[in-house]
Amino acid sequence: MTVDKKMEEVKNGKRIGESRSPMQDAMREFRRSKIAVGGMIFVILVALAAVFAPIFSPYGFAQQNLRNNRAKPMEGYDVVESYAAENCHWYETPMEWGCTTFIAGSDALGRDLWSRIVYGTRISLSIAVAASSVSLIIGLIYGTVSGYSGGNVDNFMMRLVDLLYGIPLLPIIILMTVYFNAVSRQGSESPLMMWLIKLDSMAGGLLFVFIAIGALNWLGMARLARGQVLSYKEKEFVEAARALGAGNGHIIFKHLIPNVLGPLLIAESMAIPGYIFLEAALSFIGLGVTPPTPSWGAMINEGYSGLRSNPHLVLFPGLALSSLTLAFNFMGDGLRDAFDTRLRGRN
Amino acid sequence: MKKTLWMVLGLLIVSSLILTACGSPAPAPEAPAEEAPVEEVAPTEAPAAPTEVPKPEPMSATIALDNPVTFHGYSTTDIPTLDPQLGEDVVSINYIEQLFVHLTNYDLDTAEIVPEGATSWEVSDDGMTYTFTIRTDIPWVTYNSDTHEVVQEVDADGYPRFVTAHDFEYGIKRSCDPNLGAYYSSVIAPQIVGCEDTLYYDDPENVPDEMYDAIGAEAVDDETLVVTLPFPASYFLSMTPMWPLAAVPSWAIEENGGNWAEDGTIVTDGRYLLDQWIHGVGRTVVRNPLMPEDMQGGGNIDVFVTNVVPDATTGYALWLNGEVETSGIPDAELENHLVEFPEETIQIPDLAVFYIAFRETKPPFDDVHVRRAFSAAFDRETFNETVRQGQGLPMKHFAPPGIFGAPPINEVGVGYDPEYAAAELAAAGYPNCEGFPQVSLLGYSGQSTLNWIEFAQANWAENLGCSPDLITVEQQSFSELLATTKLDDEEAPNMWTLGWGPDYADENNWVGDVLHCDNTSERIRRTCGDIDAMIEQARSSTDPEERIQLYSQIEDAFFGPEGEVPFAPLYVRIGFVAEHDWLTRTPALFGGDQWYTWTIDQEAQAAFGAE
Amino acid sequence: MPLPQKVLFFIATKNSVHVIGGLVTKYIIRRLLMAIPVIFLMVLATFVLVQAMPGGPFDAVGQKSMPEHIRILLERRYGLDKPLYEQFFLYLGNLLQGDFGPLFRQPSQTVNDIIAQTFPVSIQLGLMSVAVGFTIGIPLGIIAALNHNTWIDYITTFLAVISVSIPTLVLGPVLIYTFGVKLDWLPIAFWGADPPFTLGFLPPLTKNFFLHAVMPVFSMGTGMAAGITRLTRAGLLDVLSADYIRTARAKGLRERTVIVAHALKNSLIPVATILGPLLAGAVTGSFITEQIFALNGMGRRFVNSIGQREYFLQTSLVLVYGLLLISGNLLVDVLYAWLDPRIRYD
């Protein structure tokens, strides 16, 4: 804080020396970066779209309108009254014009592209949230246990991580996903398999995508968590807590994890764009969501062969994907800058 | 320190190289240079003055390749093999057609069987013995791609090798060898005496020689081949252009084993020679000047280059840029293409028919009414016009036009009839789909299949009232689908998508090879009945008229209003191909394209690049 | 990829160079030895997994089903009817002799052939992409860090991220249509060189080769550039606010000297950390690029081999990937020692 600013605050009647929590400091710093705030707003908008998808889209994602397939954006089409009444969510609302116009065009089966993009936010966000949670939780637990235990346990656990780094996880994940999909179609005797299959259908067919992403990324999270725990373990407030008789569990949960969680969350938010892309790449190989559920990656796969004459089939999902990726990137950058104490007060 | 670093770097790179370089075979040796004519050998037995019989010189030529007429094409996969008895996929079969001489050929304009290796043939009265007269003026040759020299093969005594009936006998018997593991062996085996015995012999590695000798293919002399059939299969003649019956060089096979058909070692007798084959990348063939004139085919293409391009969009881009002569058109580009290049599009019906099959033993599709309902509720017209954008014609029965015995495309079979469908479903006990249980539809992977099964789902909802929730829809890779559809009733899907492309131009290949109850025991699981007796009768009849009538009845018994409906035939595929106007060709429906009949206007081709 | 933190400790001796040299070699040998059980487990896991998938390599012929007897024959010929453990030991035995196994659907080729044909292409593509990624990423990252929180920062970050936000699946065809068809500046597809390669993997350095390489390398390299930009930016920002930099500035050194002599080398540490995995990732993750530009590389073969159930090819490729990754990580560790002399090798 510069001297001038402090004088301002005194003049405005603020109590000198009023403490602000690190969180408030960070939020202030975050708000400084306009683009980070912009990113966060966009992410919130997308989240809203995902939750309130029917409101934001005229049609469901599976409504086929074959006579009007591959329509260009903003192309009007003839729609029977009863069809609109039954299928269009905007029927008899001020947005009724959307029932007779394809806002973003339509795909090969005549499904409204805009509606599918809106519903696609659900898949993208659920991957962002669920998959990053998986890798976060596993990494957090593993890293904290390793860092806190120290000594031989720590050594061994980190060696294991080193070893696992040497395995090409993506090919193995692809194999596992194919295997799982194949087995789940045929049904299985073992109760473990049955339980997994049930879990998978609850996750919209994405269970293995979540596991894949979690498996690919928890190593880095674990290392990060361990590093954080190591550096905080020796700090005075932990010593003090111990002196006061606090048990290990108390120390871990009340003191260490809140400090460790921060950098991990930031690292995850920066990794989320990669997760969304991983799902798109898996869709390309055919391992993504089950149809007709829309995911932006799958939509790009459907449309890229028509790039020359029907660019809208690729452009709109591609734009959506890029925008969300950018938003997460800027938001993540802003968060990281905001929480990095050494950068504060530079400008 | 730095030195260690570089050492380590070098070590890492070298070690990873060692693993790949280790074990990779040395490049194939070049084809041997032409042989010098052998010394004349005087016969030792004649007491009179020895008469010197001059040995004919082996034929040879050097191909001049300055400004050759060149065709560029692409395929999405590499060729698995050039071995005629092993060819299974379209790409391989195409190449085999150019490189090897078959027994007969398939006339592109009249669709008749015309002479090729065999100049004429006679059929015995009982229809079970075919006698072929083989021409003996086609040389076996090897080609050196560096020197551009094509040289005729010579045997151990120095006599130049020509194609003889013995080579055809060898080829046919080789097809009956179970150790080859060739799919098409099973297609031709039922038609040749003794072939099934060897093919399905218990101990494949120890098939007794007598059994091979007993196979009904015999070269009486160099010019006569006699083939004996176990029953009067009148469609056998339409099978004679097929590649498993082609002549192959026995000496080359015995010398090189599995590698005989590779770049550098292959011995061929066809209109084209293998110039280069870079696995996974592409291959080139050049015209064979040593081919008899009347077999050259009339085309003018000297060099044929095909590269591997796995992606349809990229292939289409190559076509737009004039780098390839023909190309498939991605679905999403089709409409635009027809508007932009109406003169440069051709439609090729490839005679593949696609259907949705039912497991006849698993409820609710064990009830014929349910099967009839689901088949008749699929709007074939709209599907082909709109979803497939004209890349198909609706099919009401199985065999498409062009197949001997197939009824005209618009006759025989229910096709799309929503009222009939609704009535049938009600007759089954599910009026308006009330009470209908959960069923599953399995499709193989691919975007167009996805469109297909989602369209089916929507149709059944609209025409039968069966909500999409009742019909689980999913996709698997093709080989997975093949495995899944063989499982028992509990685990197998109720319905699945499949297609069938013809091996030869006869109805027996359709209702016989696909739908006879013996052949459906794994997947559809039909119960044997009167229809099967009719199929057997038609198979053995020698009267074409009778056969046509029988097949019409059979198709009606399967797909008519009272039909069994083992599957719902939906459409016959028509491929739209982008083709530059300087290429003139007639595509072949059977036996592989005949490149030797195609012509390119070289000036027009060059002019495109100048634009 | 997330940033692994290395613990930094410093052991200084007068003969530090020799000690570190010796330590490095011992370290490398130990790492290689540790890698052996990893590789074994990896191969075992893959082998079991690929065979556990339903459907076999000989089920289908194009659109048709292979007759049962022939399918059984073929499976017997390749030993697929034997019990799994027996097959695995046979495979291992062959591996030790340098034989990676046969190919099922291409009888005249073996897995060795495939690897010899595709590995060089993938490596060439991967190396060039990484080089492009670094060439674009590091300068952009430096510019962004030096202009932290100004519009220059935002724009450079935007540029970097936008290139990774556009999936190769879209970028590829766009590049092809623009530069290949419309402008006709660059060849549409194919790799500019075919096997056999010099020394097994070196490309011919001809104009033709580089023309063909531009679009595929660009498609892959720009994606990497984004990650590298952000890491460089983060690393430099970190370093620039460190005490020793403030000391250097206080001493009155020119800003440029400050950055180049002091900040840069240390800020590149996080970037160096990902070099190995990045390279390995480039080689393994090039499937889409290879598919679109018709390149005969390992990524495409691997994905295709899954559908075709080419068991030996799949397992062998996973093995090669694993070796690549281990080598890459090892390279990184050694590089680390060079960049940061405070590292201890335990």
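Going by the structure above, here's the rest.
Residues numbered from 1 in each chain as written. Chains lettered and ligands numbered in written order. Predicted model: local features only at pLDDT ≥ 70, side-chain atom pairs only at ≥ 80, totals over all residues. Heavy atoms only, no water.

Novice: How do you make sense of the overall build of chain A when you look at a structure like this?
Specialist: Counting secondary structure elements, chain A contains 14 helices and two strands. For chain A, the proportion of its 347 residues judged to be buried stands at 52%. Within chain A, residue pairs in contact and separated by at least 24 positions form 75% of the contacts whose partners lie at least 6 positions apart. Summed over all atoms, the accessible surface of chain A reaches about 16000 Å², with 63% contributed by carbon and sulfur. (Helix = DSSP H or I, 4+ residues; strand = E, 2+ residues; numbered from the N terminus. Buried < 20%, exposed > 50% of the residue type's maximum accessible area, 1.4 Å probe, protein only. Contact = heavy atoms within 4.5 Å. Areas by Shrake-Rupley, 256 points an atom, 1.4 Å probe, with all protein chains shown as cover.)

Novice: Before we go on, may I ask you to explain the environment of histidine 166 of chain B in this structure?
Specialist: All names here are of chain B. By the secondary structure assignment, histidine 166 is in helix 3 (residues 165-175). Expressed as a C-alpha distance, the spacing of histidine 166 and isoleucine 79, which sit 87 residues apart in the sequence, is 28 Å. Setting aside residues no more than four positions away along its own chain, histidine 166 makes contact with Ala219, Asp221 and Asp222.

Novice: How should the sheet that holds strand 5 (residues 118-123) of chain B be read in this particular structure?
Specialist: Each strand in a sheet pairs with another by means of backbone hydrogen bonds, the pair being arranged parallel or else antiparallel. All names here are of chain B. Strand order in the open sheet formed by four strands is 5-6-10-9, with antiparallel pairing between adjacent strands. Whereas interior strands pair on both sides, the edge strands pair on one side only; in this sheet they are strand 5 and strand 9 (217-221). Each strand of the sheet is rotated relative to its neighbour by a mean of 20°, with strand direction disregarded. One ladder, built from five bridges, connects strand 6 (residues 129-134) with strand 10 (residues 224-228); its direction is antiparallel. Bridge pairing in strand 10 links tyrosine 130 to valine 227. Of the strands in this sheet, strand 6, strand 9 and strand 10 are in contact with helix 3, which crosses strand 9 at around 170°. (Pairing = 2+ DSSP bridges. Axes fitted to C-alpha atoms, helices over the stretch in contact; angles between N-to-C directions.)

Novice: Honestly, the interface of chain C and chain B in this entry has me stumped. Any pointers?
Specialist: Interfaces are often sized by the accessible area lost when the parts come together. Chain C puts 66 residues into the contact, and the matching count from chain B is 69 residues. For the pair chain C and chain B, the summed buried area comes to about 5400 Å², and 65% of that belongs to carbon and sulfur atoms. Joining chain C to chain B, the criterion identifies two salt bridges. The partner of arginine 105 of chain C in a salt bridge is glutamate 88 of chain B, and the shortest N-O contact between them spans 3.2 Å. On inspection of chain C and its partner chain B, the count reaches nine residue pairs in polar contact (both at pLDDT 80 or more). The element best represented in the side of chain C that touches chain B is helix 2 (residues 68-77) of chain C, accounting for eight residues. Of the residues contributing to the side of chain C that touches chain B, the split by class is 34 nonpolar, 19 polar and 13 charged. (Buried area = accessible area lost by both parts, 1.4 Å probe. Salt bridge = Lys/Arg side-chain N within 4 Å of Asp/Glu carboxyl O. Polar contact = N/O pair within 3.5 Å; in protein donor to acceptor, adjacent residues only side chain to side chain. Nonpolar A, V, L, I, M, F, W, Y, C, P; charged D, E, K, R; others polar.)

Novice: Looking at this structure, how should I read the state of the cysteines?
Specialist: Defined simply, a disulfide is a covalent bond joining two cysteines at their sulfur atoms. Summed over all chains, the structure comprises four disulfides over all chains. Residue pairing for cysteine 88 of chain A: its cysteine sulfur links by disulfide to cysteine 99 of chain A, the two sulfurs lying 2.0 Å apart. The sign of the S-S torsion, about -80°, decides the handedness of the disulfide formed by cysteine 88 of chain A and cysteine 99 of chain A: left-handed. With cysteine 88 of chain A in the loop between helix 5 (81-87) and strand 2 (101-102) and cysteine 99 of chain A in the loop between helix 5 and strand 2, the pair connects residues that are eleven residues apart, well separated along the chain. Taken individually, cysteine 88 of chain A and cysteine 99 of chain A each receive the classification buried, so the pair is uniform in this respect. Between the sulfur of cysteine 433 of chain B and that of cysteine 466 of chain B lies a disulfide, 1.9 Å long from S to S. Linking cysteine 433 of chain B and cysteine 466 of chain B, the disulfide has an S-S dihedral of approximately 100° and is accordingly described as right-handed. Here the residue cysteine 433 of chain B occupies a position in the loop between helix 13 (418-427) and strand 17 (439-444), and cysteine 466 of chain B occupies one in the loop between helix 14 (447-464) and strand 18 (471-476), the gap between them amounting to 33 residues. (Disulfide = S-S within 2.5 Å.)

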